[in-house]
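# Architecture and fold: a report
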Amino acid sequence: MEDEDYDENHQSSPLRLARHLTSLAHEFLNSLNPLHAILALETTFQNPQAKFPSSMNIEEVKNRKLIGSILNAITENQAEAKRHLEFGKVVLKDHARYEVLKYETFYELAIANRNLVPTDGEKAKKMEEESLNNCLDLAKRMKEDASGVLTKTERDEWRLRFAFMLLAMGEMHLRSESFSKSERSFGLAFKAVEVMERELVKRRNGEEEKLLMKEEKNGLTRLKLTVALADFERAILQRASGEEPSRVSKAMKRAEMIAKDVHAMDEHARELFQFSSLRCASKIEEGDVASALKGANDLRKRCEYHKKRMEAHLEETEFVERILVKAGLIEWRKKTMMKKKSNDDESEKDAKKTSPFAQLNESAKEWIPERQVIARAEILLAETSRKSGSTKETAQRLREVKKMLDEGLEELGISALGLPYRKEGGVVEIDENARETNGTAMKRNQNKADEDEEGKNGEIAAKEKDDDEEEMDVDEKEEEEQTPTTTRTSRRSTRGGGKSTPRSDSKPSKKIPATESTKKKRAAKTKEVVVQKKPQSPPPQQQQEQPKKQERLWVMKEENLGPRSSCDAHPFFTLRCSCNELLASIYLTAGDYPKAVLEANELDATVSAYPRTLSSLVAHCEMVRGHALYSMGKYRDSVKAFTKAAERAKTPSFRDVATLCAALGELATGGTKGASKALDLAQPICRRHEDFLQNEEEKEKLRKKKEEESKNAKDEADDDEEEEDDDDDEEISFRPSLVDRAVALFVSGFAFLERGNQDGAKSRLSSALKLAHAKTKDTQLVAACLRALGSIASERSASNEQQQALDMLQSAFTLSKAQDDLDGQVEALRKLVESHEKKGSNEKEKKTLSDYLQKKEKQMEDGLNKLKLEENKINVLHLEKGLKDLEEDELA
């Protein structure tokens, strides 16, 4: 409450009230009521009777910084947050002290501008960078301060702030895809941590400080791995974007070396979980699924461990508490209670608490992952397991991940599919004031909702009274009211409870016995519905005093998505769309076409509802639509979809894969014309791949030659070699993934086969088979290559080649069956039947294969016929035309 050391006799009434409101705001935050905290703080700015005097403007700045933090954390009103923070920034210019307050104000300004980037664009980016540079300059000046004013602990805090700001600058440049600036910032942050480590070794020499020194060293090691992981992620994204090579291998090796030190101190460290996820993502992006599978077990164990911790944490805490703790506004309530109970051993931990490096280690141990972190790891594991063949378990895990992501979006009040949320009374509309969520607007909306609710309740009461009097001629004030309970069929439940109906103020009349007709009506009603008693309503005065719950407002389209919600929901959206994409692929492979169409439409619905936020996923929508149309036999439409995906692709790798899929669509149309078009699409990609491989061979020859010439000066030669390797990397602007190379070889080989060039086809298909089997671990591609090579061998007259054809086709069928690839099974069985006919196998074997082929063809036909049912026709129409096209047609 008020400061005990302050003399109340000399304290003015406005100052006393301002301090009381400030203390009340902190109490509201600790009781998880941030909106009331906003109202209390706003009163200290707007009410002259509760303002701080001009001589104590620093107190007002602290309050404005606090309200800016709350607005950034829980509301969409970043403009109001900026207004408060800019005011504090202007006031702090006139003060030579309060560096920590200046730093925190600049940082909150950076957060506000970062949230405004989706709406304000480049202007917000520049202001975010300016705020971070202010933080960086301040931290650099303070950590190098030679006046002797700072203690060792304070100087260490400023050194950490300097490193964190460099890390934040790197992440900002990474979001805007400025990879060179991001790499430079991460490099400076890494050097700053190394400097702190060297200073720590020089400083701590006493025996009593060995334990503290160990904790501090562990904290800095964790920080160093965090920076290395950020640079590792930058390298992966830079390679995926198709810019100059990003030295992923070098970044991964550096992170791996530090990860060994972290594993020695904590085997369940959060940094190790992040490293395992990034390593798996790197190998998948490179196309080396074989290497990804080696680390999949480690990632699976860590994911399960942290997932259990996350589930327990979500049950123990509230959503508002998690937001406020993440923003640094409060501590965990459980932790605060434990601190109050254990005050005996506080003196032993004082030294540990005062060391910022040791606190860094302690806070890292308390880390709890968020839903999107677990979901990302699960999706990476699904990618690896799907390609290796385990589709049923993968589909189940992806459905669970999608459910978990929906729970996260539900907490944010956002509808993933942009569909209306239905309740008993109809559709809940999105109010325009949903975005105006500062304290004043929320209070105004609450009052309006209360008045509307009271009016509705009065009308309902009058109607019920008239109906009852006509039926029974009695006053219902003394009778028990009964209402039917209905089952909520919607996926989510509303936050508002039922309202009691106001009663009449008239005196009760005598109870008149009901007539026989009335009794029959009552008996019929009790059979139809389950009834429950309503609690007796209080008198009108008490009823007005009861707070009424406001109906929850749901975001269902881009226009209602605020800047903070857009930033918070973006990872949930992208991960959910990845689940849709993977599930659609699995269902198409298994021949479950209705489910695949639903997943494709879900993906399209999400992107259509939030087109600006998810603009990077438009190409993925077209890609999934193309695969679905191809499986349905609509090859021309699939080619159009794949072409659109290639045009809208954000990365060269995705563009190449979409182009190659379009080539497969051309091949499926049949004839030499389709084969020629397919070659025209695939050949340029294959040439670029060949140029890359040729450059790699020349580099390898040059490397070996230099090694032979520098045997006497091995160390110096190694250094020169590393530098020249970097130079060579910079000269190559294109580095295809193994998946791109394998698919390009398969498509061009299949096109050669359609044109009758069996030798050229065999060479390319064999190379694709080697890559798919040894590196990409793509079982579907391996089976497809075996089918094509088997058909080539079956054309030969030699008996050994005929047997080779049968062996390859049988292997292709076995692989397709293990992966539930219905289309692959049918193709392999058809070629097997043809090969047995050419070889002249016994009739029993041929009949067995023919019967099984008919069974699988009927299964595929039944799956396609399901799409013709009434309940699936509209879904197919959505798939063919797209949701946006349908809406345009309806408006027309």
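Read on for a plain summary of the structure.

Rules and cut-offs
Residues numbered from 1 in each chain as written. Predicted model: local features only at pLDDT ≥ 70, side-chain atom pairs only at ≥ 80, totals over all residues. Heavy atoms only, no water. Helix = DSSP H or I, 4+ residues; strand = E, 2+ residues; numbered from the N terminus. Buried < 20%, exposed > 50% of the residue type's maximum accessible area, 1.4 Å probe, protein only. Contact = heavy atoms within 4.5 Å. Areas by Shrake-Rupley, 256 points an atom, 1.4 Å probe, with all protein chains shown as cover. Axes fitted to C-alpha atoms, helices over the stretch in contact; angles between N-to-C directions. Parallel < 35°, antiparallel > 145°, perpendicular 65-115°, else oblique. Left-handed = near helix turned anticlockwise from the far one by under 90°. Core = buried A, V, L, I, M, F, W, Y, C linked by side-chain atoms within 4.5 Å. Polar contact = N/O pair within 3.5 Å; in protein donor to acceptor, adjacent residues only side chain to side chain. Expected span 1.5 Å × (residues − 1). Disulfide = S-S within 2.5 Å. Salt bridge = Lys/Arg side-chain N within 4 Å of Asp/Glu carboxyl O.

Counting secondary structure elements, the protein contains 38 helices and four strands. Taking all 892 residues of the protein together, the buried fraction comes to 45%. Considering only intrachain contacts with a sequence separation of at least 6, the fraction spanning at least 24 residues in the protein is 71%. Here the protein has roughly 47,600 Å² of accessible surface; of this, 49% comes from carbon and sulfur atoms.

Once that is clear, we can look at the packing of helix 31 (residues 738-754) against helix 32 (residues 758-776). At a minimum axis distance of 8 Å, the contact between helix 31 and helix 32 shows a crossing angle of 155°. When the axis of helix 31 is compared with that of helix 32, the two are roughly antiparallel. Note on packing geometry: the crossing formed by helix 31 with helix 32 is left-handed. Contact residues: helix 31 offers Leu738, Val739, Arg741, Ala742, Leu745, Phe746, Ser748, Gly749, Phe750, Phe752 and Leu753, while helix 32 offers Gln758, Gly760, Ala761, Arg764, Leu765, Ser767, Ala768, Leu771, Lys775 and Thr776.

In this section: the side chain of Glu60. Considering the arrangement of structural elements, one finds Glu60 in helix 3 (residues 57-74). Judged by its relative accessible area of 14%, Glu60 falls in the buried class. Those residues in contact with Glu60 that sit more than four places away from it in its chain are Phe45, Phe52 and Phe87.

One recurring pattern in soluble globular proteins is that nonpolar side chains are buried together. Judged by nonpolar contacts, the single largest core of 70 residues is most densely connected at Leu398, Ile414, Phe573 and Tyr610. Counting residues per element, this core draws most heavily on helix 24 (residues 563-590), at twelve residues. Ranked by size, the runner-up nonpolar core spans 50 residues in total, among them Leu167, Leu200, Ala228 and Ala259.

Bringing the environment of Arg155 into the picture now. Mapped onto the elements of the fold, Arg155 is located in helix 8 (residues 152-175). Separated by 13 residues in the primary sequence, Arg155 and Met142 have C-alpha atoms spaced 7.3 Å apart. Those residues in contact with Arg155, other than ones at most four positions away along the chain, are Met142, Lys143, Glu144, Asp145 and Leu150. From its side chain, Arg155 meets the backbone oxygen of Asp145 in a polar contact 2.8 Å long.

Quick look at helix 12 (residues 270-286) now. In this model, helix 12 (17 residues) spans 24 Å end to end at C-alpha, consistent with the 24 Å of a helix rising 1.5 Å per residue. Taken across its 17 residues, helix 12 has twelve buried, putting it largely inside the fold. Of the residues flanking the end of helix 12, it is Gly287, one or two places downstream, whose phi is positive at about 95°.

Turning our eyes to something else, we now look at the state of the cysteines. What we call a disulfide is simply a covalent bond connecting the sulfur atoms of a pair of cysteines. Overall, the coordinates contain zero disulfides when judged by the stated rule. Residue Cys579 stays outside any disulfide, its sulfur separated by 9.2 Å from that of Cys577, the closest cysteine.

Let us look at the pattern of salt bridges. A side chain with one charge may pair with a side chain of the opposite charge, provided their charged atoms come close. Evaluated as defined, the whole model comprises 51 salt bridges. The residue Lys224 makes a salt bridge to Glu197 at a minimum N-O spacing of 3.0 Å. Highlighted residues: Lys224 in helix 10 (residues 210-241) and Glu197 in helix 9 (residues 179-203), separated in sequence by 27 residues. Given the relative accessible area of 15%, Lys224 is considered buried. A salt bridge links Arg830 to Glu857, with the shortest nitrogen-to-oxygen separation between them at 3.1 Å. Linking Arg830 in helix 35 (residues 822-839) with Glu857 in helix 36 (residues 843-866), this pair joins segments that are 27 residues apart in sequence. Classification of Arg830 as partly exposed rests on a relative accessible area of 35%. Its relative accessible area of 27% is what places Glu857 among the partly exposed residues.

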